[in-house]
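The primary structure of each chain is shown beneath.
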Amino acid sequence: MRSAPLAAGRSALEVALSNRDGAEADRARAAADRHRAEADRDAEQAGVLARLHTVEEAAEQIGTTLDEQTTCAELARFLCRHLCDAAAVDLLTRQGNGARTPSPAALSRVATAGLVKVLEARFPDEGQGRPEDAAPAARALAEGRPVTAAAVLPGGRSAEAVAAPLLAYGRRYGVLLALRAGGSFSGHETATVHHLAHLTATRLAHARRYTAVQRTAMDLQRALLAEPGRPHPNLDLATRYLPSGTSALVGGDWFETVRLHYGRTLLVMGDVMGHGLDAAVDMNAYRSHLRYVASTDLPPHRVLRQLDSAVAGEEARRPATCLLARVDPARGIAAFASAGHLPPAVIGPDGAAGLVDVPVGPPLGTGVGGYELVTRALTPAETLLMFTDGLVERRGEDIDASLSRLARMRLSAGAGVEQTLDEVLLRLDGLHAEDDVAVLAARIRQHPGVETAVTVES
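Residues numbered from 1 in each chain as written. Predicted model: local features only at pLDDT ≥ 70, side-chain atom pairs only at ≥ 80, totals over all residues. Heavy atoms only, no water.

1. Brief notes about the overall build of the protein
Counting secondary structure elements, the protein contains 11 helices and 16 strands. Counting all 458 residues of the protein, 43% fall into the buried class. Contacts spanning at least 24 positions in sequence make up 67% of the contacts within the protein whose residues lie at least 6 apart. With an accessible surface of roughly 23,200 Å², the protein has 52% of that area assigned to carbon and sulfur atoms. (Helix = DSSP H or I, 4+ residues; strand = E, 2+ residues; numbered from the N terminus. Buried < 20%, exposed > 50% of the residue type's maximum accessible area, 1.4 Å probe, protein only. Contact = heavy atoms within 4.5 Å. Areas by Shrake-Rupley, 256 points an atom, 1.4 Å probe, with all protein chains shown as cover.)

2. A few points about the pairing of strand 9 (residues 320-328)
Most of strand 9 is tucked away, with nine of its nine residues classed as buried. Along strand 9, one buried face is formed by Ala320, Cys322, Leu324, Arg326 and Asp328 and the opposite face, lined by Thr321, Leu323, Ala325 and Val327, is buried too. Where strand 8 (residues 265-275) and strand 9 come together, eight bridges link them in antiparallel fashion. Looking at strand 9, one finds that Asp271 is bridged to Thr321. The pairing of strand 9 with strand 10 (residues 333-339) spans seven bridges and is antiparallel. Note on strand 10: the bridge partner recorded for Val327 is Ala334. Once strand 9 ends, the chain turns through four residues before running back antiparallel as strand 10, passing Gly332 with a positive phi of about 65°. (Pairing = 2+ DSSP bridges.)

3. Concerning the pattern of salt bridges
Summed over the entire model, instances satisfying the criterion amount to 19 salt bridges. Here Glu143 makes a salt bridge to Arg139, at a shortest N to O gap of 3.7 Å. Taken together, the residues span about one helical turn, with Glu143 and Arg139 both in helix 5 (residues 136-143) at a distance of four residues. Residue Arg139 is classed as buried on the basis of its relative accessible area of 17%. As a salt-bridge pair, Arg395 and Glu434 come within 3.7 Å of each other at their nearest N and O atoms. (Salt bridge = Lys/Arg side-chain N within 4 Å of Asp/Glu carboxyl O.)

4. Some thoughts on helix 7 (residues 277-294)
A rise of 1.5 Å per residue sets the reference length of helix 7, with its 18 residues, at 26 Å; its end C-alpha atoms lie 26 Å apart and thus fit the reference within 8%. Among the residues of helix 7, those classed as buried are Ala279, Ala280, Asp282, Met283, Ala285, Tyr286, Arg287, Leu290, Val293 and Ala294. (Expected span 1.5 Å × (residues − 1).)

5. Here's the deal with the side chain of Glu256
Within the secondary structure, Glu256 sits in strand 7 (residues 251-259). Within the local environment of Glu256, its side chain forms a polar contact with the side chain of Arg287, the two groups lying 2.6 Å apart. (Polar contact = N/O pair within 3.5 Å; in protein donor to acceptor, adjacent residues only side chain to side chain.)

6. Quick word on the sheet that holds strand 4 (residues 158-168)
The strand order across the open sheet formed by five strands is 2-1-5-4-3, and the pairing between neighbours is antiparallel. The open sheet terminates on both sides in strands that have one partner only, identified here as strand 2 (107-114) and strand 3 (147-152). Averaged over neighbouring strand pairs, the angle between their axes works out to 20° when direction is ignored. Note that strand 4 and strand 5 (residues 171-181) share 10 bridges and pair antiparallel. Bridging from a neighbouring strand, Leu167 pairs with Arg172 of strand 5. (Axes fitted to C-alpha atoms, helices over the stretch in contact; angles between N-to-C directions.)

7. Examining the pairing of strand 15 (residues 383-387)
Taken across its five residues, strand 15 has five buried, putting it largely inside the fold. Burial of strand 15 is two-sided: the residues Thr383, Leu385 and Phe387 facing one way and the residues Leu384 and Met386 facing the other way are all buried. Pairing geometry for strand 11 (residues 345-347) and strand 15, over three bridges, is antiparallel. Each bridged residue has a counterpart across the sheet, and for Val346 the counterpart in strand 15 is Leu384.

8. Thoughts on the sheet that holds strand 15
Spatially, five strands are ordered 6-16-15-11-12 in an open sheet, and the strand pairing comes out antiparallel. Because the sheet does not close on itself, it has two edges, and the strands there are strand 6 (235-242) and strand 12 (353-355). Here the strands of the sheet are splayed against their neighbours by 20° on average, with no regard to which way each runs. In the sheet, strand 11 pairs with strand 12 via three bridges, with the strands oriented antiparallel. Looking at the pairing, Val346 lines up with Gly354 of strand 12. Of the strands in this sheet, strand 11, strand 12 and strand 15 are in contact with helix 9 (residues 399-407), which crosses strand 12 at around 145°.

9. Thoughts on helix 5
In terms of burial, helix 5 is a largely internal element, six of the eight residues being buried. Buried within helix 5 we find Pro136, Ala137, Ala138, Arg139, Ala140 and Leu141. Packed against the buried residues of helix 5 are strand 1 (86-92), strand 2, strand 3, strand 4 and strand 5. At the C-terminal side of helix 5, Gly144 shows a positive phi close to 70°.

10. With respect to the packing of helix 7 against helix 8 (residues 300-312)
Direction vectors running N to C along helix 7 and helix 8 enclose 135°, while the axes themselves pass 10 Å from each other. When the axes of helix 7 and helix 8 are compared, the pair comes out oblique. Crossing of helix 7 against helix 8: the hand is right-handed. Residues Tyr286, His289, Leu290, Val293 and Ala294 of helix 7 touch helix 8, and the partners they reach there are Val303, Gln306, Leu307, Ala310 and Val311. For the contact of helix 7 with helix 8, the per-class residue count stands at eight nonpolar, two polar and no charged. (Parallel < 35°, antiparallel > 145°, perpendicular 65-115°, else oblique. Left-handed = near helix turned anticlockwise from the far one by under 90°. Nonpolar A, V, L, I, M, F, W, Y, C, P; charged D, E, K, R; others polar.)

11. Description of the environment of Leu196
Turning to its location among the elements, Leu196 is positioned in helix 6 (residues 187-226). Distance from Leu196 to Leu176, taken between C-alpha atoms, is 9.2 Å for residues 20 residues apart in sequence. In this structure, Leu196 is in contact with Ala58, Leu75, Phe78 and Leu79, ignoring residues within four places of it in sequence.

12. With respect to the state of the cysteines
A complete count under the given rule lists zero disulfides for this structure. In this model Cys80 remains outside any disulfide bridge; the closest cysteine sulfur is found in Cys84, 4.3 Å from its own. Using a relative accessible area of 21% as the deciding quantity, one classes Cys80 as partly exposed. (Disulfide = S-S within 2.5 Å.)

Listed below in structure tokens is the structure:
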């Protein structure tokens, strides 16, 4: 077979060299394309890893408390450290929460971070009447997705903004605005802003749910403690309940007074173990049980025994400590019994405080029983003080040292029960206690002729 004739003026060597050069060029282009594809994949992977790293950091640094403004401030600062030059967070007011398309007036700015001048950016297309020309924040809330918009800074420099709704569990909480001067946001960066807005919205949702539960528990406990049973007129009484300033949860601290026959009054101080709504509910159950048992006019140690047996049969009920004091003004005697509770104190006429030695039985709900009765004289010049552990306990301090601090107090002589209670709380810094505080002060009210009658009877 004869080969095809060579191109005019070209030798066989030249043709071979040309074909080889073309093949090498094709291979070079293919290699370059592969390198570019690999570089793009590497860049894509690096971008995803960087985004994941940012999201991991955000999960740790945004929402460190249950305070809404703190959470929003953490979001704004985090964005300025990683993605933008300035950021602002606006929350919907209560009026705006239910609106289908909240107006700008329904938003309240709660946090900013970054360059102040960048936050003064204007949006040229805003307010021209078309829906797409609405403010980025309003569009993001209405559409439920991130919105990017061109902005102009003071002085005419261009900027770009990303507005992302704070949306979680189908509820809108506000909007996040991130701004970058002289540049734009990539797709990855916009997605990151959107994710951080959603993360913050879930934090806000949890905080509000937690606050609602706390408020319910607080309302329940205040309702239970606001009107304890009235003692007989022969007893002056003052009570205080102080929720903890460091704990977001309400506890099961409670007090009660029950009128008994012959002018006697049963004073009760209790503390359900644990915190929260469950503790408050159990506190109400203990209180109801105690009222029923106390109506039988049993002595304090037998009241505790009956109460312990009744509660021990309820498996879901939490244990509780309880201190009972039956005050008999006519005889000038107080009878005490304790179920795992701290001892009461008696403040003398000179203002000196002393602890009453009361045998301590097991907490209520254990079913063990074994409570003892102790009696003590109580005069109209003395004030009986009953309290929960939050009044005296301090972190890292032995409880004996805490009680000794109370026993060493010398209060104002001749003060009424209200003033005495206020002074005790002030001296022991009850307003800043680490646990809830319930405290009760009682004093026999002296009536003309009572002392003579008692003497004759004796």
